[in-house]
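Each chain is listed here by its residues.
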Number of protein chains: 2
Amino acid sequence: MTAPIAIRRLNATDADFNRHLDHLLSWESVSDDGVNQRVLEIIADVRSRGDAALVDLTRRFDALDVASMADLILPRERLELALQRITPAQREALEIAAERVRSYHEKQRQDSWSYTEADGTVLGQKVTPLDRAGLYVPGGKASYPSSVLMNAIPAKVAGVLEVVMVVPTPRGEINEIVLAAAAIAGVDRVFTIGGAQAVAALAYGTESVPPVDKIVGPGNIYVATAKRHVFGKVGIDMIAGPSEILVVCDGQTDPDWIAMDLFSQAEHDEDAQSILVSPDAEFLDRVAASIERLLPTLEREAIARTSLAGRGALIQVSDMQQAMDVANRIAPEHLELSVADPQQWLPYVRHAGAIFMGRYTAEALGDYCAGPNHVLPTSGTARFSSPLGVYDFQKRSSIIHCSAEGASVLGRTASVLARGESLTAHARSAEYRIKG
Amino acid sequence: MTAPIAIRRLNATDADFNRHLDHLLSWESVSDDGVNQRVLEIIADVRSRGDAALVDLTRRFDALDVASMADLILPRERLELALQRITPAQREALEIAAERVRSYHEKQRQDSWSYTEADGTVLGQKVTPLDRAGLYVPGGKASYPSSVLMNAIPAKVAGVLEVVMVVPTPRGEINEIVLAAAAIAGVDRVFTIGGAQAVAALAYGTESVPPVDKIVGPGNIYVATAKRHVFGKVGIDMIAGPSEILVVCDGQTDPDWIAMDLFSQAEHDEDAQSILVSPDAEFLDRVAASIERLLPTLEREAIARTSLAGRGALIQVSDMQQAMDVANRIAPEHLELSVADPQQWLPYVRHAGAIFMGRYTAEALGDYCAGPNHVLPTSGTARFSSPLGVYDFQKRSSIIHCSAEGASVLGRTASVLARGESLTAHARSAEYRIKG
């Protein structure tokens, strides 16, 4: 009898590697019919009864004895109070993180532009912030102050006029650091509601909750399902899968560091995924040994162990080029290039949410305070999507201002194409502007 | 007995105007259970049987007698042949439009950036095009060459490595102008498949159809439903509602021009929405008269009449400021500012897909050849989303490269915040990088 291995080993040169990798990565989040049905009922209830539904549902789901909607509104002073209640070290850390996140995101702000053609026709793009954004913050154990900063600050940098936060307080439990983060991030209004009912309230509005234009932030399956259902009425961010890290190491980083970096994903939840890729087989052995040795020292050992055993892997590759191929195939949420010259390999990275370069850049630094966002595309969606950013809170309008001359010239082309599509009112509308 | 009015009249100063407006705008696209069920079956079939399923489903739904997948692949030479078959005027119009669309969209391309902090830490954002994009083009009556240009060109400008187009050819009907547009836009591969099966093939890949990273382009309810279901596996563009135009006019534009601009939306389909807003009541009368007079001259009179009667409106406002308020409330797909000084009012426009400035800028010019995209947010989604653009085919990766010094300083902040969230492996991973 051998002890259960903490993490599986794969070799990218094996004939059936791709099949093994596909299996390892496979993840499909499906809301079952029961969840869908309950969520649809909750949304309908909030749409028809507004505040009264929110009060009832909060009593039922959050075991909160509230008399009216007034009990579900947190005034700004309560956020300020939270700032007093956390430790000075916590407050300082939040402020440093907020400042760095703000300063990075300011570089993402996009400006309107336009240009004038020879005949006086002006074309351009006008960039406008959303009027109002909604931020969902989970209550209970998955309530993370850092998420408040990462979701609210890009909205404020974008110039969103009002940021509305919802956070459930089951059995009255309030996370003071979350409220302090909201104060620091400049959140405008806070309601202590959660679940599908909070999403419905943000999407459709009630007597007290103003309807928003976009809802962002993580949540459980009810929240995610509700976001899917209100999509279209409002914008939503990506529906996130479990968190993942892919570490590519040349074999020269301290194996304990790499093990801890893998743990920092694995401790999130049982479905989180931590993968190490290296061309150095002996180094993979050393990391495996570090994992075995350090796992028992973790506060969240059980979660990390389940995650590593179920979804983790140490992958041996023939060389760094193959490591890059594996990385692009996975399109990881977090990619750590723990190598001597990460800059050399950066051009080969096509798909990753965030890239952590060099041995010193632990993913945890990016999670909290490096500056870039920690809301990142998961489950391979980095192939087509981006970190949450200021651009998610701005939208564009095309500008077309034809001169009389420009309209006359363009009218001829539009007329031919419109008639080719049998859209003759289009053609005639253009033709009216053609000079005789 | 009076003749049926072609279009309703509203007054923004009426007490119940907002209720009337909400009713007028109300639109909810819901895929019923039957459609969902059939689409899910088709997706499952394509995932399990690949090409064989595509052949079967195409025989069934497109009444096409194909023997194998080879019959559903259009070689590049076929596209070139289409270029010969259309008229020289059509080819020239397509080329002019393509060139203008390309040149506008090149201004949307985004570049990577980075900056270095005092301690040597580098932060940045790397921009990468998608590897492969899929373009759905409807067959039959709604098959628009201009849509091929508007969807494919931004992808090519973004640097997408391969653009794959699908277009059904029911009963063998091929639209030569669509194929010519594909040739001009530089589409790389074309499959003559459609419906939910084409969406499934693009999302999951088959033996012949390569899986793509994002699917764009319009389609019927089966296509839209399939796109919703594959969202997450691949990216999708917005699910479009009926097309709409809002014309704001100061009363000084030729009423026939305005009537034809309204028709150019109304002729699209019975659910399209055309609304005119003006502070000049007498002008609204004149446009109503133009509508009555010109409607019978339209090739698509029946469609336009149904659209105007069901969803159209002439809205009187007290002044231009109120016109702007109504416009922002509607957040229209197309906004025509048919006024003397449109530049004066542009700063007040917060939400619109595209803004057509001045009396000469017919919306039809923007539909075909002005340069900006004609794929625009509908049904009020301009509150939070943007025209299709190059940015839809690029994605961003955050770059974090900490110096040893930077990691040490940031590690202290990350450690405090991680411990505040009880994520101690995160904390320890950061603490390893703190200098002793």
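Residues numbered from 1 in each chain as written. Chains lettered and ligands numbered in written order. Predicted model: local features only at pLDDT ≥ 70, side-chain atom pairs only at ≥ 80, totals over all residues. Heavy atoms only, no water.

Under an unreviewed UniProt entry, the name given to chain A is Histidinol dehydrogenase, and the source organism is Stutzerimonas kirkiae. What UniProt records for chain A under Pathway (unreviewed entry) is the sentence "Amino-acid biosynthesis; L-histidine biosynthesis; L-histidine from 5-phospho-alpha-D-ribose 1-diphosphate: step 9/9." For the record of chain A, the UniProt heading Catalytic activity (unreviewed entry) holds the text "L-histidinol + 2 NAD(+) + H2O = L-histidine + 2 NADH + 3 H(+)". (UniProt positions renumbered as here; feature names shortened; annotations may be inferred.)

> I'm lost on the side chain of Glu244 of chain A in this one. Help?
Along the chain, the position of Glu244 of chain A falls in strand S10 (residues 244–249). Buried charge without a partner: Glu244 of chain A forms no salt bridge, and the closest opposite charge is Arg311 of chain A, 6.8 Å away. (Helix = DSSP H or I, 4+ residues; strand = E, 2+ residues; numbered from the N terminus. Buried < 20%, exposed > 50% of the residue type's maximum accessible area, 1.4 Å probe, protein only. Lys, Arg positive; Asp, Glu negative; His and termini not counted. Salt bridge = Lys/Arg side-chain N within 4 Å of Asp/Glu carboxyl O.)

> Explain the packing of aromatic side chains here, please?
Two descriptors summarise a pair of aromatic rings, namely the distance from one centre to the other and the angle between the planes of the rings. Taken as a whole and judged by the stated rule, the model has eleven aromatic pairs over all chains. For the pair Trp113 of chain B and Tyr115 of chain B, a centre-to-centre distance of 6.2 Å together with 15° between the ring planes defines the contact as stacked. Taking relative accessible area as the criterion, Trp113 of chain B reaches 21% and is therefore assigned partly exposed. With a centroid separation of 5.5 Å and an interplanar angle of 45°, the aromatic rings of Trp345 of chain B and Tyr348 of chain B are classed as tilted. A relative accessible area of 39% places Tyr348 of chain B in the partly exposed class. Every member of this aromatic cluster is reached through a ring pair, and the members are Tyr104 of chain A together with Trp113 and Tyr115 of chain B. Over the face of the ring belonging to Tyr391 of chain B we find Arg396 of chain A, whose NZ or CZ atom lies 3.4 Å from the ring centre. (Phe/Tyr/Trp six-rings, centres within 6.5 Å; stacked < 30°, edge-to-face > 60°. Lys NZ or Arg CZ within 6 Å of the ring centre and 35° of its normal.)

> Quick question: what am I supposed to make of the domain arrangement of chain A here?
The extent of an interface is frequently quoted as the accessible surface area lost upon association of the parts. Residues and elements named next belong to chain A. Here chain A is partitioned into domain 1 (8–27 + 242–370), domain 2 (31–236) and domain 3 (402–432). Counting residues at the interface gives six residues for domain 1, matched by five residues for domain 2. Summed over both partners, the interface of domain 1 with domain 2 comes to about 470 Å²; 50% of that surface belongs to carbon and sulfur atoms. On the domain 1 side of the contact with domain 2, Tyr368, Cys369 and Ala370 bury the most area, a combined 67% of that side's loss. Where domain 1 packs against domain 2, one counts zero salt bridges. Summed over the shared surface of domain 1 and domain 2, the number is two residue pairs in polar contact (both at pLDDT 80 or more). (Domains from an automatic or database assignment. Contact = heavy atoms within 4.5 Å. Buried area = accessible area lost by both parts, 1.4 Å probe. Polar contact = N/O pair within 3.5 Å; in protein donor to acceptor, adjacent residues only side chain to side chain.)

> Explain the sheet that holds strand S6 (residues 162–166) of chain A to me, please; I cannot follow it from the model alone.
Residues and elements named next belong to chain A. The six strands are arranged S2-S7-S6-S5-S8-S9 in an open sheet whose pairing can be described as mixed. The sheet is open, and its two edges are formed by strand S2 (73–74) and strand S9 (235–236), each paired on a single side. Bridge analysis of strand S8 (residues 214–216) against S9 gives two bridges, and the strand direction is parallel. Looking across to S9, one finds that Ile215 is bridged to Ile236. Packing against the sheet, helix H6 (residues 145–158) makes contact with strand S5 (132–136), S6 and S8, and its axis sits at approximately 160° to S6. (Pairing = 2+ DSSP bridges. Axes fitted to C-alpha atoms, helices over the stretch in contact; angles between N-to-C directions.)

> It is not clear to me how the interface of chain A and chain B should be interpreted in this structure. Could you clarify?
Opposite the 117 residues of chain A that make contact, chain B presents 118 residues. Both faces considered, chain A and chain B share a buried interface measuring about 10,500 Å² in area, 57% of it formed by carbon and sulfur atoms. Of the residues forming the side of chain A that touches chain B, the biggest block, ten residues, is contributed by helix H16 (residues 404–420) of chain A. Its residues placed into classes, the side of chain A that touches chain B shows 59 nonpolar, 33 polar and 25 charged. (Nonpolar A, V, L, I, M, F, W, Y, C, P; charged D, E, K, R; others polar.)

> I tried to follow the UniProt feature "binding site: NAD(+)" (unreviewed entry) in chain A on my own but got confused; where do I start?
Residue and element names in this part refer to chain A. Those residues carrying the UniProt feature "binding site: NAD(+)" (unreviewed entry) are Tyr136, Gln197 and Asn220 in this numbering. These annotated residues cover 85 residues of sequence, and their C-alpha atoms all fall within 12.7 Å of one another, placing them together at a single site. Considering the arrangement of structural elements, one finds Tyr136 in strand S5. Sequence-distant contacts of Tyr136, defined by excluding residues within four places in its chain, comprise Val166, Pro168, Gly194, Gly195, Ala198, Val199, Val216, Gly217, Pro218, Gly219 and Val223. Only 2.7 Å separates the side chain of Tyr136 from the backbone nitrogen of Gly195, close enough to count as a polar contact.

> Would you take a moment to explain the side chain of Lys395 of chain B for this structure?
With respect to the secondary-structure elements, Lys395 of chain B resides in strand S15 (residues 394–401). A distance of 2.5 Å separates a polar atom in the side chain of Lys395 of chain B from the backbone oxygen of Arg350 of chain A. Polar side-chain contacts of Lys395 of chain B include one of 3.0 Å to the side chain of His351 of chain A. Apart from the residues within four sequence positions on either side, Lys395 of chain B is in contact with Arg350, His351, Ala382, Arg383, Phe384, Ser385 and Ser386 of chain A together with Lys126, Val127, Thr128, Pro129 and Leu130 of chain B.

> Looking at this structure, I do not really get the pairing of strand S4 (residues 122–129) of chain A. What am I missing?
Consecutive side chains along a regular strand alternate between the two faces of the sheet. All names here are of chain A. Of all eight residues making up S4, seven are buried, and the element is well covered by its neighbours. As judged from the four bridges shared by strand S3 (residues 113–116) and S4, these two strands associate in the antiparallel manner. Across the sheet, residue Thr116 finds its bridge partner in S4, namely Val122. The antiparallel hairpin formed by S3 and S4 contains five residues in its connecting segment, where Gly120 sits at a positive phi of about 95°. With eight bridges joining them, S4 and strand S15 (residues 394–401) adopt antiparallel strand pairing. Across the sheet, residue Thr128 finds its bridge partner in S15, namely Lys395.

> Would you mind going over helix H9 (residues 221–230) of chain B with me for this structure?
A turn of α-helix holds 3.6 residues, and therefore any two residues three or four places apart point the same way. Residue and element names in this part refer to chain B. Every buried residue of H9 is accounted for by Val223, Ala224, Thr225, Ala226, Lys227 and Val230. Here the buried face of H9 lies against helix H2 (33–49), strand S5 (132–136), helix H8 (195–204), strand S8 (214–216) and strand S9 (235–236). The N-capping residue of H9, defined by a side-chain oxygen 3.0 Å from the backbone nitrogen of Tyr222, is Asn220.

> I keep staring at the pairing of S6 of chain A and nothing clicks. Help me out?
Residues and elements named next belong to chain A. Burial analysis of S6 places five of its five residues in the buried class, which makes it a mostly covered element. Neither face of S6 is left uncovered, since the one carrying Glu162, Val164 and Val166 and the one carrying Val163 and Met165 both have all their residues buried. Two strands pair when backbone bridges link them, and S5 and S6 are joined in this way by five bridges, in the parallel orientation. Across the sheet, the residue bridging to Arg132 is Glu162, located in S6. One ladder, built from three bridges, connects S6 with strand S7 (residues 189–191); its direction is parallel. Pairing of Met165 across the sheet is with Val190, part of S7.

> Mind showing me how you'd approach the sheet that holds strand S1 (residues 8–11) of chain B here?
Adjacent strands of a sheet form backbone hydrogen bonds with each other and so pair up, either parallel or antiparallel. The mixed open sheet is built from nine strands, whose spatial order is S3(A)-S4(A)-S15(A)-S14(B)-S13(B)-S10(B)-S11(B)-S12(B)-S1(B). Of all strands in the sheet, those bounded by a partner on one side alone are S3 of chain A together with S1 of chain B. Adjacent strand axes in the sheet meet at a mean angle of 20°, parallel and antiparallel pairs treated alike. For strand S10 (residues 244–249) of chain B and strand S13 (residues 334–338) of chain B, the ladder comprises five bridges, and the chain directions are parallel.

> Any chance you could explain the UniProt feature "active site" (unreviewed entry) in chain A here in plain terms?
All names here are of chain A. According to UniProt, the positions carrying the feature "active site" (unreviewed entry) are Glu333 and His334. Here Glu333 is to be found in the loop between helix H13 (320–330) and strand S13 (334–338). Overall, Glu333 belongs to the buried group, its relative accessible area being 6%. Take His334: its relative accessible area is 2%, and that puts it in the buried class. Setting aside anything within four residues of it in sequence, one finds His334 in contact with Ser243, Glu244, Ile245, Leu246, Gln265, Ala354, Phe356, Glu363, Asp367 and Leu376. Polar contacts involving the side chain of His334 include one to the main-chain carbonyl oxygen of Glu244, which spans 2.7 Å.

> Help me understand the relation of the copies chain A and chain B, please; the structure alone is not making it clear to me.
Copies of the same chain, two in number, are related to each other by a rotation about an axis and a translation along it. Overlay of chain A on chain B (RMSD 0.0 Å): rotation 180°, translation along the axis 0.0 Å. In short, the pair behaves as if placed about a two-fold rotation axis. Looking at the interface residues of chain A, 100% of them are also at the interface in chain B, so both copies use one shared face. (Least-squares fit on C-alpha atoms with pLDDT ≥ 70 in both.)

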